[in-house]
Amino acid sequence: MLGDINLPLILLAALIASCSPGPATLAIAGTSMSAGRGYGLVLASGITTGSLTWSVGAALGLGAVMLANAWAFEMIRYLGACYLLFLAYKSARAAMTSGDLPARRLSTPTLRSAYGKGLALHLTNPKAILFFGSLFAVGVPPGSPPEALIMVILAVGLQSALVFHGYALLFSSPPMMTGYMKLRRWFEAVFAVAFGAAGVKILTTRLD
């Protein structure tokens, strides 16, 4: 059914991309350590949904269409950069706020907002468009049957879900949460710098 599709190679490329440190990993780590396992898993589900959305879009040719229309790609790029800078601002504000974790739990976001954060983070990630567009353009030969495309989408989606939810389980473990509670402001400062750097990089780098 897969024909000339090299599924192991596709999964390896997707695994490297999802395991690489980036905004998604930072968001999962921060939410899991500060708000707990449930919120981390829900945020990871939002990120997985965003990843699956771009995967389906690329399989249908959406990635190529967006890359051919510079304005659409640029709009996603600027939205993504602004969202990352917004997350950097929130982390910076948290880093400058004194107080222990229990006091801050009063402002913990809802599960719906955690899911929305993860979804928005991946839907506004221009590198996701480039990655999935390249993945299907290079790894899936033209004329592949629909069942082959579905198999690739499901395999990549399942692998991404395992990676992202695995991160949530890891960072919500007792040692991680204990470390966060002790060094909360330092962690938030690191998140602020990392989100800010990612946002600025997206704004200033030409993704031709």
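The present account deals with the structure reproduced in this document. (Residues numbered from 1 in each chain as written. Predicted model: local features only at pLDDT ≥ 70, side-chain atom pairs only at ≥ 80, totals over all residues. Heavy atoms only, no water.)

**Side note on the overall build of the protein chain**
Looking only at helices and strands, one finds eleven helices and zero strands in the protein chain. Counting only residues that meet the buried cut, the protein chain has 44% of its 208 residues in that class. Summarising the internal contacts of the protein chain: among those between residues at least 6 apart in sequence, 88% fall at separations of at least 24. Total accessible area on the protein chain stands at roughly 10,700 Å², and carbon and sulfur atoms take up 72% of it. (Helix = DSSP H or I, 4+ residues; strand = E, 2+ residues; numbered from the N terminus. Buried < 20%, exposed > 50% of the residue type's maximum accessible area, 1.4 Å probe, protein only. Contact = heavy atoms within 4.5 Å. Areas by Shrake-Rupley, 256 points an atom, 1.4 Å probe, with all protein chains shown as cover.)

**Here's the deal with the nonpolar core**
In terms of nonpolar packing, the biggest core is built from 24 residues, with Ile28, Met33, Ile47, Leu84, Leu121, Phe164 and Phe195 touching the most fellow members. The residues touching methionine 33, leaving out its near neighbours within four places in the chain, are Phe171, Met176, Met177, Tyr180, Phe187 and Phe191. (Core = buried A, V, L, I, M, F, W, Y, C linked by side-chain atoms within 4.5 Å.)

**Re the environment of glycine 116**
If you trace the backbone, glycine 116 turns up in helix 7 (residues 111–123). Residue glycine 116 is classed as partly exposed on the basis of its relative accessible area of 31%. Placed 73 residues apart in sequence, glycine 116 and leucine 43 show a C-alpha to C-alpha distance of 7.5 Å.

**Overview of the packing of helix 3 (residues 37–59) against helix 8 (residues 126–139)**
Contact pair helix 3 / helix 8: the axes reach a minimum separation of 9 Å and the direction vectors enclose 45°. Relative to helix 8, the element helix 3 is oriented oblique. The hand of the helix 3/helix 8 crossing is right-handed. Along its contact with helix 3, which presents Ser51, Trp54, Ser55, Ala58 and Ala59, the element helix 8 presents Ala128, Ile129, Phe132, Gly133 and Phe136. (Axes fitted to C-alpha atoms, helices over the stretch in contact; angles between N-to-C directions. Parallel < 35°, antiparallel > 145°, perpendicular 65-115°, else oblique. Left-handed = near helix turned anticlockwise from the far one by under 90°.)

**Description of the packing of aromatic side chains**
Under the defined criterion, the tally for this structure stands at five aromatic pairs. Members of the aromatic cluster, joined through ring pairs, are Tyr180, Phe187 and Phe191. (Phe/Tyr/Trp six-rings, centres within 6.5 Å; stacked < 30°, edge-to-face > 60°.)

**Considerations on the side chain of serine 160**
When you line up the elements, serine 160 lands in helix 9 (residues 146–171). Those residues in contact with serine 160 that sit more than four places away from it in its chain are Thr48 and Ser51.

**As for a nonpolar patch on the surface**
A cluster of nonpolar residues, Leu9, Leu12, Leu15 and Ile16, forms a patch on the protein surface that exposes about 360 Å² of accessible area. Within the secondary structure, leucine 12 is located in helix 1 (residues 7–19). Judged by relative accessible area, leucine 12 falls into the partly exposed class, the value being 45%. (Patch = residues over 30% accessible without salt bridge, like charges linked within 9 Å, V, L, I, M, F, W, Y side chains within 5 Å. Salt bridge = Lys/Arg side-chain N within 4 Å of Asp/Glu carboxyl O.)

Interpretation note: all reported values are geometric properties and have no functional meaning in isolation.
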